[in-house]
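Spelled out, the chains give:
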Amino acid sequence: MNTLDGDSNVLVVGASGGIGAALVEQLLDGSSARRVWAATRTPESPRLKALVETYGERCAPVAVDILDETSIAALARTISDDSPRLHLLINAFGLLHDEDRGIWPEKRLEDITSDAMLANYRVNALAPALIGRYCLGLLNHTDRAVFASLSARVGSITDNRLGGWYGYRISKAAQNMFTRDMAIECRRRARRVICLALHPGTTDTGLSEPFQRRVPEGKLFGTEFAAGKLLERIDAASLEDSGGFFAWDGAPIPW
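Predicted, not measured: the structure shown is a model, and the values here were computed from it.

Visitor: Which residues make up the packing of aromatic side chains, and what values do they have?
Guide: As enumerated under the stated definition, the model contains four aromatic pairs in all. Judged by centre distance (6.2 Å) and plane angle (70 degrees), the ring pair of Trp-165 and Tyr-168 falls under edge-to-face. The exposure class assigned to Trp-165 is partly exposed, which follows from its relative accessible area of 22%. Where Phe-245 meets Trp-255, the ring centres are 5.6 Å apart and the plane angle is 25 degrees; that geometry is what we call stacked. Of this pair, Phe-245 sits in strand E7 (residues 244-247) while Trp-255 sits in the segment after E7, and the two are ten residues apart along the sequence. Note on Trp-255: relative accessible area 33%, which makes it partly exposed.

Below, the structure is given as structure tokens:
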């Protein structure tokens, strides 16, 4: 990435997911960033251990529970103790289904449950908001900085033509509103921060796996491809793009 130099610090939250792990790998390999923080519930995963062996202190796995506000606050303190500045923060996590908890995309109103709706909201909307709340101070400095969250095209109200998937659609729309809201506030108090909502396309991960048979040929992306395209979008973003919703190919998505 051309916008990250040897003094840059990066945080990827959700670093054990398919796209998150690919982002960490490409940021380490394709940039000269000083440190890439890989935040996840499983910082001791073999994949992250291998990256530490390869890249040393440039790769910094760190534990976080995105459902626990105190854990998010502790994450921000850990980073701040190492460096007062972050140059890129990517929220690379999401919830669509969890069979163990009985969470599945709703087809009808009768499928809605309060537990599933709240679970979607906590992961897809509240967690990015709390991460923004605790990490804005690290992003607010004299250099360019980006706060990016992986959204989804199905969170677009204008683009909704099929209905259903209430919990996921509603929580992603809420996440989009947060990104827009944060961008407006940053124009007043953190003017070098660019806030982005990014749609990675349908990617071959556990989130999309049950639904891949419906994906047209050539439209199911590998995690490495998706991560690379997302980093291209982030690298090219300007302050004028802040508060926008963009697809992996750079095309704006209507709200």
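Visitor: How would you summarise the pairing of E7 if you had to cite specific residues and measurements?
Guide: Judged by which residues are buried, E7 turns out to be covered on both faces: Gly-244 and Phe-246 on one side and Phe-245 and Ala-247 on the other are all buried. With four bridges joining them, strand E6 (residues 193-199) and E7 adopt parallel strand pairing. The residue of E7 that forms the bridge with His-199 is Ala-247.

Visitor: Which residues make up the sheet that holds strand E4 (residues 88-91), and what values do they have?
Guide: Judged by pairing direction, the sheet is parallel, and its seven strands sit side by side in the order E3-E2-E1-E4-E5-E6-E7 without closing on themselves. Each edge of the open sheet carries a strand with a single partner, namely strand E3 (59-63) and E7. Sheet twist, expressed as the mean angle between neighbouring strand axes with direction ignored, is 20 degrees. Of the strand pairs in this sheet, strand E1 (residues 9-13) and strand E2 (residues 35-40) are connected by five bridges, and their pairing is parallel. Its bridge partner being in E2, Val-13 is matched across the sheet by Ala-39. Contacting E1, E2 and E3, helix H3 (residues 69-82) crosses the sheet at an angle of about 165 degrees to E2. Seen against the sheet, helix H6 (residues 223-236) touches E4, strand E5 (145-150), E6 and E7 and runs at an angle of roughly 150 degrees to E6.

Rules and cut-offs
Per-chain numbering applies: the sequence of each chain, read as written, is numbered from 1 onward. The predicted origin of the model limits local features to residues at a pLDDT of at least 70 and limits the giving and counting of side-chain atom pairs to 80 or more, whereas totals for whole chains, interfaces and linings rest on all residues. Just so you know, side-chain values use all the structure's heavy atoms and leave hydrogens and water out. Paired rings are identified among Phe, Tyr and Trp, the last through its six-membered ring, by centres lying within 6.5 Å, and are further divided according to the angle between planes into stacked (under 30 degrees), edge-to-face (over 60) and tilted (the rest). Relative accessibility thresholds used throughout: buried, under 20% of the residue-type maximum; exposed, over 50%; partly exposed, between the two (1.4 Å probe, protein chains only). Note on conventions: DSSP H or I runs of at least 4 residues are helices, E runs of at least 2 residues are strands, and numbering of each starts at the N terminus. Each pair of strands is called paired provided DSSP finds at least two bridges between the two strands. Helix axes are fitted to C-alpha atoms over the stretch in contact, other axes to C-alpha atoms as well, and angles between N-to-C directions run from 0 to 180 degrees. In this description, contact between two residues means that some pair of their heavy atoms is separated by no more than 4.5 Å.

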